[in-house]
Amino acid sequence: MRIFKTGIIVLLTVFASSIALAQDVKNASGYVQIFDVRSKLDTNNRQQYYYENDLLKITYLFWGEKGKMKVSIENKSDKPLYIDWAKSFYQINDDKLSYSPEENITEENKKVYMRYLANNPTLTSMDYEMNSYSATGTLYDTKVEGVTKIDKTSTYTRSKYHIVPGDVYKFDVATVPRSEARNDEAGGMADVYEVSFDAANSPITFQSVIMYSVNESFTDEQQLAHEFYVSKITETDAKHFRAPKIGKTMEGYPIYKFPFRKSTKFYVEMDKKYSIKERK
């Protein structure tokens, strides 16, 4: 069994690219659906779902286009902690995706993986993390192993999948919008459509399963299963969603306010023709 050893690892390029992508919407004339995620887990002071015991703390961050299943695992103990990614997985409905590199690729599961892979243009790159820069400043990638060793009092983060492949929710055309002050212009009003769900009737339910151990042989392995569901879907126009520009990145890209942003939410952009306003 090969071990990927880590101390305190920060996935610089994954984090940076997610920020860059979040600075603007692809189509300012389009529409956006915002998905609120509910769970029985507690939330921390940054409004992120987390689970904690004496050995570890697992934190989930969802915000991003199509959602990000970002799992951050902190080893709280003074001994190494091992995560078996081959026995850990993300599942939404009938789609089950391993957190580990897939050993048996078939045409059927390849299509499933390609729908959910985050920030990976090809299937061959899905098992690599681009997590740092070399001394020359060029990007290098690291092979993702099936087992990760997290050193004492260290944290490891893995972000491999979108929560949803990009499908949008079809609102009933009879849905009545509420009107609220626009975020992008003073004095304007925006139509906002909302629908709420409970765990039983939610159109999107998903879970994250993590297998861990305090020894490399996994003779005392423990499994944690955390469940989530979409409790509310909001639809509005993209300009209202992103709000006014509040600055620029060092590279000159615009930064918008994004007032809907929250770690317990994610969003999906949609063409104007699929919006409830156009379908009406």
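One can find the structure itself at the top, above this paragraph.
Scoring rules and cut-offs
- Residues numbered from 1 in each chain as written.
- Predicted model: local features only at pLDDT ≥ 70, side-chain atom pairs only at ≥ 80, totals over all residues.
- Heavy atoms only, no water.
- Helix = DSSP H or I, 4+ residues; strand = E, 2+ residues; numbered from the N terminus.
- Buried < 20%, exposed > 50% of the residue type's maximum accessible area, 1.4 Å probe, protein only.
- Contact = heavy atoms within 4.5 Å.
- Areas by Shrake-Rupley, 256 points an atom, 1.4 Å probe, with all protein chains shown as cover.
- Polar contact = N/O pair within 3.5 Å; in protein donor to acceptor, adjacent residues only side chain to side chain.
- Salt bridge = Lys/Arg side-chain N within 4 Å of Asp/Glu carboxyl O.
- Phe/Tyr/Trp six-rings, centres within 6.5 Å; stacked < 30°, edge-to-face > 60°.
- Pairing = 2+ DSSP bridges.
- Core = buried A, V, L, I, M, F, W, Y, C linked by side-chain atoms within 4.5 Å.
- Arc of directions from axis to C-beta.

1. Regarding the overall build of the protein chain
Now for step 1: Helix and strand content of the protein chain: 4 helices and 20 strands.
Now for step 2: Out of the 280 residues belonging to the protein chain, those deemed buried represent 49%.
Now for step 3: In the protein chain, 69% of the contacts between residues at least 6 apart in sequence involve partners at least 24 apart.
Now for step 4: Approximately 14,600 Å² of the protein chain is accessible, and the part contributed by carbon and sulfur atoms is 48%.

2. Focus on the environment of Arg-242
Now for step 1: Tracing the chain through its elements places Arg-242 in helix α3 (residues 238-242).
Now for step 2: For Arg-242, a relative accessible area of 14% translates into the label buried.
Now for step 3: A C-alpha to C-alpha distance of 6.2 Å links Arg-242 and Lys-257, two positions 15 residues apart in sequence.
Now for step 4: Leaving out residues up to four positions away in the same chain, Arg-242 has contacts with Asp-24, Val-25, Ala-28, Tyr-256, Lys-257, Phe-258 and Pro-259.
Now for step 5: Here Asp-24 takes part through its side chain, which lies 2.6 Å from a polar atom of the side chain of Arg-242.

3. What to know about the pattern of salt bridges
Now for step 1: Inspection of the entire model under this criterion finds 14 salt bridges.
Now for step 2: The partner of Glu-221 in a salt bridge is Lys-87, with the nearest N and O atoms 3.2 Å apart. Within this pair, whereas Glu-221 is found in the loop between β16 (205-213) and β17 (222-237), its partner Lys-87 is found in the loop between β7 (81-84) and β8 (89-92), the two being separated by 134 residues in sequence.
Now for step 3: Taking the relative accessible area as the measure of exposure, Glu-221 reaches 30% and is therefore partly exposed.
Now for step 4: Between Lys-232 and Glu-194 there is a salt bridge, and its shortest N-O distance comes to 3.8 Å. Taken as a pair, Lys-232 in strand β17 and Glu-194 in strand β15 (residues 189-196) lie far apart in primary sequence, 38 residues in all.

4. Digging into the packing of aromatic side chains
Now for step 1: According to the stated counting rule, one finds 20 aromatic pairs in the structure shown.
Now for step 2: Ring centres of Phe-241 and Phe-260 lie 6.0 Å apart, and the angle between their planes is 20 degrees; on these two criteria the pair is classed as stacked. With Phe-241 in helix α3 and Phe-260 in the loop between β19 (254-256) and β20 (265-270), this residue pair connects regions lying 19 residues apart in the sequence.
Now for step 3: Given the relative accessible area of 0%, Phe-241 is considered buried.
Now for step 4: When its relative accessible area of 12% is taken as the criterion, Phe-260 is described as buried.

5. Considering the sheet that holds strand β6 (residues 70-75)
Now for step 1: The 5 strands lie next to each other as β3-β4-β5-β6-β13, forming an open sheet whose pairing is antiparallel. Of all the strands in the sheet, just β3 (42-43) and β13 (155-159) have a single pairing partner and so form its edges.

6. Notes on the nonpolar core
Now for step 1: Core analysis: the largest hydrophobic core is formed by 40 residues, its most contacted members being Tyr-60, Phe-62, Met-69, Tyr-90, Phe-206 and Ile-210.
Now for step 2: No other element matches β17, which puts 4 residues into this core.
Now for step 3: Those residues in contact with Phe-206 that sit more than four places away from it in its chain are Val-37, Phe-62, Met-69, Tyr-90, Gln-91, Ile-92, Ile-163, His-226, Glu-227 and Phe-228.
Now for step 4: Judged by nonpolar contacts, the second largest core, of 10 residues, contains Phe-241, Phe-258, Phe-260 and Tyr-267.

7. So, unusual backbone geometry
Now for step 1: Located in the positive-phi region is Phe-218, a residue other than glycine, with phi close to 60 degrees.
Now for step 2: Inspection of the secondary structure assignment puts Phe-218 in the loop between β16 and β17.
Now for step 3: By relative accessible area, Phe-218 is classed as buried at 9%.
Now for step 4: You will see that Phe-258, though not glycine, has its phi angle at about 50 degrees, which is positive.
Now for step 5: Within the secondary structure, Phe-258 is located in the loop between β19 and β20.
Now for step 6: We classify Phe-258 as buried; its relative accessible area is 5%.

8. Remarks on helix α2 (residues 107-116)
Now for step 1: Considered for burial, the residues of α2 that qualify are Asn-109, Tyr-113 and Tyr-116. Taken around the axis of α2, the buried residues stretch over an arc of 70 degrees, which confines them to a single face. Facing away from the buried surface of α2 by more than 90 degrees, the exposed residues are Glu-107, Glu-108 and Lys-111.
Now for step 2: Looking at the buried positions of α2, the neighbouring elements they touch are β8 and β9 (95-98).

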